[in-house]
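As a plain string of letters, each chain reads:
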Amino acid sequence: MLIIPIKEGENIDRALKRYKRKFVKTTVKNQLQESKQFTKPSVARRAQVQKAQYIQTLRDAEDV
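*Asks:* Tell me about the overall build of the chain, residues and numbers included.
*Replies:* Counting its secondary structure elements, the chain contains three helices and zero strands. Along the chain, from the amino end to the carboxyl end, the secondary structure elements read α-α-α. Against the 2.2 N^0.38 benchmark of 11 Å for 64 residues, the chain shows a C-alpha radius of gyration of 18 Å, more extended than a compact globule. Across its three principal axes, the chain shows a C-alpha extent of roughly 50 × 40 × 15 Å. The buried share of the chain, taken over its 64 residues, is 5%. Between the averaged position of the 15 positive side-chain charges in the chain and that of its 7 negative side-chain charges there is a distance of 8 Å.

This is the structure in structure tokens:
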């Protein structure tokens, strides 16, 4: 459960924005979306490899 302490005199919109940011960072949203539909292990592995390749190309380009 996320707890957001609200400071005295703080705007509720600002506190809500902090809550949303914290919610996204805790990856709760991603876990809920993943449990909603099944992803085949081969598809998940392929996506993981593609992401690793993309990151590696960014690092290689940074070195150059």
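Back to the write-up after that little detour.
*Asks:* Now, about a nonpolar patch on the surface: what can you tell me, with residues and values included?
*Replies:* Taken together, Tyr54, Ile55 and Leu58 make up a surface patch of nonpolar side chains, about 290 Å² in accessible area. As for its placement among the helices and strands, tyrosine 54 is situated in helix 3 (residues 41-63). Of the residues examined, tyrosine 54 reaches a relative accessible area of 52% and is grouped as exposed.

Analysis parameters
- Each chain carries its own residue numbering, running from 1 in the direction its sequence is written.
- pLDDT decides what is reported in this predicted model: residues at 70 or higher carry local features, side-chain atom pairs at 80 or more are listed and counted, and totals for whole chains, interfaces and linings draw on all residues regardless.
- Water and hydrogen atoms were dropped before computing side-chain values, which therefore reflect all heavy atoms in the structure.
- Only DSSP runs of H or I reaching four residues or more are called helices, and only runs of E reaching two or more are called strands; each is numbered from the N terminus.
- As a reference, a globule follows 2.2 Å times the number of residues to the power 0.38, and the radius of gyration itself is taken over C-alpha atoms.
- In this scheme, a residue with accessible area under 20% of its type's maximum is buried, one over 50% is exposed, and one in between is partly exposed, where area comes from a 1.4 Å probe on protein chains only.
- Only four residue types enter the charge count: Lys and Arg as positive, Asp and Glu as negative, with His and the chain ends excluded.
- Taken as the charge location is NZ of Lys, CZ of Arg, CG of Asp or CD of Glu.
- Like-charged residues are merged into a patch within 9 Å and nonpolar side chains (Val, Leu, Ile, Met, Phe, Trp, Tyr) within 5 Å, provided each residue has over 30% relative accessible area and no salt bridge.
- Methods summary: accessible areas were calculated by the Shrake-Rupley approach with a probe of 1.4 Å, and residue burial reflects only the protein chains presented.
- Here a salt bridge means any side-chain nitrogen of Lys or Arg lying within 4 Å of a carboxyl oxygen belonging to Asp or Glu.

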